[in-house]
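Residue-level structural notes
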Amino acid sequence: MSSGIAIASFMPSIVSSGIFSSRRANSGADALSQSNPFVAAMNMDIAGGQVLNAAKGMSAIAKESKSSIATGFTSAEESIKALTKGDKLLNGLGKVLNFTSNYINPLITATGAVKVLTADDKKEAAIKEGLGLGTMFAFEAAAKRILGMPSIKQVDGKRIAIEKEALYKKNPFIEKQADALKEFCNTRSFCNKSLKFLPGVLKGLGFVSASIMGYKLGSEVANVIVDERP
């Protein structure tokens, strides 16, 4: 895998994980302010897993670039591994975050379930969480299919991207414009920095937007249902 392919494969995940981690950390802070330490802790754990996913993606790109940056990432990873092996608390925390990074969506669902169970009005909370998360996951799945978001897997200790055919390519006009954008970014730079990363960033932002729109739509529908309850 060349550095250009690595950027295209991992950048959407890096961007989306970075944005989602910030939003999830804010959710954790909100839960803590509402005296719900269980939901707060679960949200913070998910935020940490998302940060780890972004870091893994950046490391994969750096290693493929075979530059001094790659050497820096490799050295940092080895230092962290050595540190966690020598400290039981850090070792346990590392294992938890690594598990979380591999099962983000199931843990988001579990957090929603705990939020419902700890709510004063469990029926209302169930409606809001169920519709909010349901439409969010549906929009995310649609965005992945339309944009051709790669599936990121950990195989034999190596981060790999499983490419998927994007639905937008079935439209010749849209495919032509997307190819033109990729070609432009591959041959241009800004402040002596290549723009190869830009299509991946846009794809990641598109995925994030779809996720947020899905959750908001589900929440609005839930509010209507809750308001109409006898």
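Below is a short write-up of the structure.

Conventions adopted
- Residues numbered from 1 in each chain as written.
- Predicted model: local features only at pLDDT ≥ 70, side-chain atom pairs only at ≥ 80, totals over all residues.
- Heavy atoms only, no water.
- Helix = DSSP H or I, 4+ residues; strand = E, 2+ residues; numbered from the N terminus.
- Buried < 20%, exposed > 50% of the residue type's maximum accessible area, 1.4 Å probe, protein only.
- Contact = heavy atoms within 4.5 Å.
- Areas by Shrake-Rupley, 256 points an atom, 1.4 Å probe, with all protein chains shown as cover.
- Core = buried A, V, L, I, M, F, W, Y, C linked by side-chain atoms within 4.5 Å.
- Pairing = 2+ DSSP bridges.
- Patch = residues over 30% accessible without salt bridge, like charges linked within 9 Å, V, L, I, M, F, W, Y side chains within 5 Å.
- Salt bridge = Lys/Arg side-chain N within 4 Å of Asp/Glu carboxyl O.
- Lys, Arg positive; Asp, Glu negative; His and termini not counted.
- Charge placed at Lys NZ, Arg CZ, Asp CG, Glu CD.
- Polar contact = N/O pair within 3.5 Å; in protein donor to acceptor, adjacent residues only side chain to side chain.
- Expected span 1.5 Å × (residues − 1).

Brief notes about the overall build of the protein chain
Counting secondary structure elements, the protein chain contains 8 helices and 4 strands. Listed by position from the N terminus, the elements making up the protein chain come as α-α-α-α-α-α-β-β-α-β-β-α. Residue burial in the protein chain is summarised as follows: out of 230 residues, 33% are buried. Considering only residue pairs separated by 6 or more positions, the protein chain has 64% of its internal contacts joining residues 24 or more positions apart. For the protein chain, the accessible surface area stands at approximately 13,800 Å², while carbon and sulfur atoms represent 63% of it.

Description of the nonpolar core
In terms of nonpolar packing, the biggest core is built from 11 residues, these being A6, I7, F10, M11, I14, V15, A54, A60, I61, A161 and V201. Of all the secondary structure elements, the ones that give two or more residues to this core are helix 1 (3-33) and helix 2 (37-65). In terms of residue count, the dominant contributor to this core is helix 1 (6 residues).

Description of the side chain of N36
Relative to the elements of secondary structure, N36 occurs in the loop between helix 1 and helix 2. When its relative accessible area of 14% is taken as the criterion, N36 is described as buried. Excluding its chain neighbours within four sequence positions, the residues that come into contact with N36 are A31 and T118.

Description of unusual backbone geometry
One non-glycine residue, S35, adopts positive backbone phi at about 60 degrees. Within the fold, S35 resides in the loop between helix 1 and helix 2. S35 gets classed as exposed once you look at its relative accessible area, which sits at 64%.

Comments concerning the pairing of strand 2 (residues 158-162)
As a general feature of sheets, a regular strand has side chains that alternate between the two faces. Because side chains alternate across strand 2, one face comprises the buried residues R159 and A161, and the other comprises K158, I160 and I162, none of which is buried. Bridge analysis of strand 1 (residues 151-155) against strand 2 gives 5 bridges, and the strand direction is antiparallel. Along strand 2, the bridge assignment pairs S151 with I162.

What to know about the environment of F10
Locating F10 in the fold gives a position in helix 1. For F10, a relative accessible area of 2% translates into the label buried. Taking the C-alpha atoms as reference points, F10 and M58, 48 residues apart in sequence, are found 7.5 Å from one another.

What to know about a positive patch on the surface
A contiguous patch of positive charge on the surface is contributed by K144, R145, K153, K164 and K170. Relative to the helices and strands, K170 resides in the loop between strand 2 and helix 7 (172-186).

Some points on the side chain of S17
Mapped onto the fold, S17 is located in helix 1. Separated by 2.8 Å, the side chain of S17 and the backbone oxygen of S13 make a polar contact. Aside from chain neighbours lying at most four places away, what touches S17 is Q50, N53 and A54.

Looking at helix 6 (residues 122-147)
Taking 1.5 Å of rise per residue, the 26 residues of helix 6 would be expected to cover 38 Å, and the 36 Å separating its terminal C-alpha atoms lies within 8% of that figure. Those residues of helix 6 that sit buried are A125, E129, G132, L133, M136, E140 and A143. For helix 6, the N-terminal capping position is held by D121, with its side-chain oxygen 3.4 Å away from the main-chain nitrogen of K123. Note on helix 6: the residue one or two positions beyond its end, G148, has a positive phi of about 70 degrees.

Quick word on the pattern of salt bridges
As enumerated under the stated definition, the model contains 2 salt bridges in all. Between K115 and E129 there is a salt bridge, with its nearest N and O atoms 3.3 Å apart. In this pair, K115 sits in helix 5 (residues 104-117) while E129 sits in helix 6, placing the two residues 14 residues apart along the sequence. On the basis of relative accessible area, E129 is assigned to the buried category, the value being 10%.

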